[in-house]
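Residue-level structural notes
Residue-level listing of the chains:
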Amino acid sequence: MKGFSFVVLVAAVAVVTVEAQCPDYSTFSQQRHEPFSTGKYQLSYMRPEPACRTFNSSIVEDTITNMKSVIKDPDLYRLFENSFPNSLDTAVRWKGFAANNSKEELTFLITGDINAMWLRDSANQMQSYLTLLKADSSYDSIASLYRGVINLQARYINEAPHCNSFQPPLESGLAPTQNQEKPDVFTPAAPTETVFECKYELDSLAAFLEISTNYYEATNDIEFFQNFQWVDAIKTVIATTEALLIGTYSSNGSVNEIPYTWMRETTSATETLDNSGRGNPVQDGTGLVRSAFRPSDDSTIYQLFIPANMMFSRYLDSASNIMAAIGSQRNLANHMYNFAGRIRDAITKYGIVNDPTYGQVYAFEVDGYGSANRMDDANIPSLLSAPFVGYLNVSDPIYQNTRKYVLSKDNPYFMRGPVINAIGGPHAGFGQAWPMASIIRIFTTDDSHEIESTLKEIVSSTDGLGLIHESINTFNQSQWTRQWFSWANGLFGQCLLDLKTRKPSALSASYQ
């Protein structure tokens, strides 16, 4: 990201750009900076100077300070200190108001080393600060950031509901970024000045429902949802996903017109769809919503992607409560609730398979014809993350069977080695374990040994940089991908705040 400049919130309303004296974080994050942590791993300090941080929050700073007395290991604390505020420190690329409504807050939150806003990433980046979220009308609050992300996501969805990542809003004055030198070919078309990439991923729409639910349940701010574009965006989400219940063939055998197609000229099979951009055949009438791509941005093998259907069902259900509270949208709220229930029933009918070793388990992807893709991927939603997204309880017996499977060598994408052992995926390739999956492993267990051994692997595998990378070679921690991945960093901070309440002994342990 050449020429990236940090945006700093000043006096709660004015935004200024700091150019020369602020480093490009994509470079800064690849270098070690003093003071190093005092533990065995001597982890780098990775926060920009306060004047170069893209959003300053006193409640986040207080949380970082307070956790110093809770986290006893100096390297674990340094990793928390660097990672928890990473989205606020580096990724609030622009914050302002809609051109046509001076009350409509907008937040352009980039993913990190890519100058674009993903629906999924931005929702999860904000989730890192959920425990600190409270009703607050001020412009310099965490609540304001949430409102800005929700409003901008609603705009994006209304304009291009099949797309996963987006360019800066026109109000920002920021130039769009070119993604591919040769344009992708997809339908329906979307303008490149609005869209960075248009891979249709069901979890992107689920992420909009998720961040909406998180904001409403933390603030009870129903007035926010009554204004602006939220209701229209929900109608767009419903129309888009219901259209993608369609199978490949109609009842008389004719080929249905698919609402979305995608083709990219590439040397990687996971970057495009076969069958003229339509993907592999899908049975009609299953009740599951198709997804052309996974949250890793890799194409699905079978488009009935179970983790995304889980997440979509769960948050469509909870978002129906928001719609019901609006008062004038009871029919739409009921429609959302019933749709969510039908998807849950379809998951139970089509998404559970029998394994000779593990018993009943959830499949990763199915096609409705009887084929199932048996694996798990690190990105959320995953099978491992089903309790984390709230679809089921961690004690659910089918989930526990599934968890044992995906954390074993029988999962073809469970990466093992002396450095780190975690689920990976085709996006980064063989032998590359994702710390994100290690973090979700911690979220989904109460076993102290499992938690502490997983934390030890995370702390000891940052290559001395003190940040959570996308993936790490399981035999060489110096071979990692993405130096600046804000979602994974925030997720780690969120995890340690969860352990503070749920398993405080893990934060008192040594990881030397």
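Throughout what follows, the structure given in this document is the object of discussion. (Residues numbered from 1 in each chain as written. Predicted model: local features only at pLDDT ≥ 70, side-chain atom pairs only at ≥ 80, totals over all residues. Heavy atoms only, no water.)

A few words on the environment of L491. Its place among the elements puts L491 in helix α16 (residues 486-502). Distance in space between the C-alpha atoms of L491 and G327 is 35 Å, their sequence separation being 164 residues. Excluding anything up to four places from it in sequence, L491 contacts S128, I380, F388, M436, I439, I440 and F443. (Helix = DSSP H or I, 4+ residues; strand = E, 2+ residues; numbered from the N terminus. Contact = heavy atoms within 4.5 Å.)

What follows is about the pattern of salt bridges. According to the stated counting rule, one finds 24 salt bridges in the structure shown. One salt bridge connects R264 with D184, and the closest N-O pair in it is separated by 2.6 Å. Taken together, the positions of R264 in the loop between β9 (261-263) and α10 (274-277) and D184 in the loop between β6 (165-166) and β7 (185-187) put the pair 80 residues apart, joining distant regions of the chain. What makes D184 buried here is its relative accessible area of 15%. Here R264 makes a salt bridge to E197, at a shortest N to O gap of 2.9 Å. You can see R264 sitting in the loop between β9 and α10 and its partner E197 sitting in strand β8 (residues 195-197), a full 67 residues away along the chain. When sorted by exposure, R264 lands in the same class as E197, which is buried. Each of the salt bridges in this network shares a partner with another, and the network as a whole consists of R120, D121, E201, D203 and D297. (Salt bridge = Lys/Arg side-chain N within 4 Å of Asp/Glu carboxyl O. Buried < 20%, exposed > 50% of the residue type's maximum accessible area, 1.4 Å probe, protein only.)

All right, on to empty space enclosed by the protein then. In total, this model carries three cavities of 30 Å³ or more according to the counting rule given. Here the largest cavity defines a volume of roughly 50 Å³. Per-class residue counts for the lining of the largest cavity are six nonpolar, two polar and one charged. (1 Å grid on protein atoms, 1.4 Å probe; cavity = no way out; pocket = protein on both sides within 12 Å on 5 of 7 lines; lining within 4 Å. Points joined across faces, edges and corners; volume = space filled by probe spheres on them. Nonpolar A, V, L, I, M, F, W, Y, C, P; charged D, E, K, R; others polar.)

All right, on to the sheet that holds β8 then. With antiparallel pairing, three strands are arranged side by side in an open sheet as β5-β6-β8. The two strands at the open ends of the sheet, each matched to only one other strand, are β5 (117-118) and β8. Pairing of β6 with β8, which is carried by two bridges, proceeds in the antiparallel orientation. Residue pairing in the sheet places S165 in a bridge with E197 of β8. (Pairing = 2+ DSSP bridges.)

Summed over all chains, the structure comprises two disulfides. In this model, C22 is linked to C52 through a disulfide, with the two sulfur atoms separated by 2.0 Å. On the sign convention where negative means left-handed, the S-S torsion of about -85 degrees between C22 and C52 marks this disulfide as left-handed. Here C22, found in the loop between β2 (14-18) and α1 (25-28), pairs with C52, found in the loop between α1 and α2 (58-67); they are 30 residues apart in sequence, far enough to count as distant. We note that C22, like C52, is buried. With a sulfur-sulfur separation of 2.0 Å, C163 is cross-linked through a disulfide to C198. Here the S-S torsion is close to -80 degrees, and the disulfide linking C163 with C198 is therefore left-handed. (Disulfide = S-S within 2.5 Å.)

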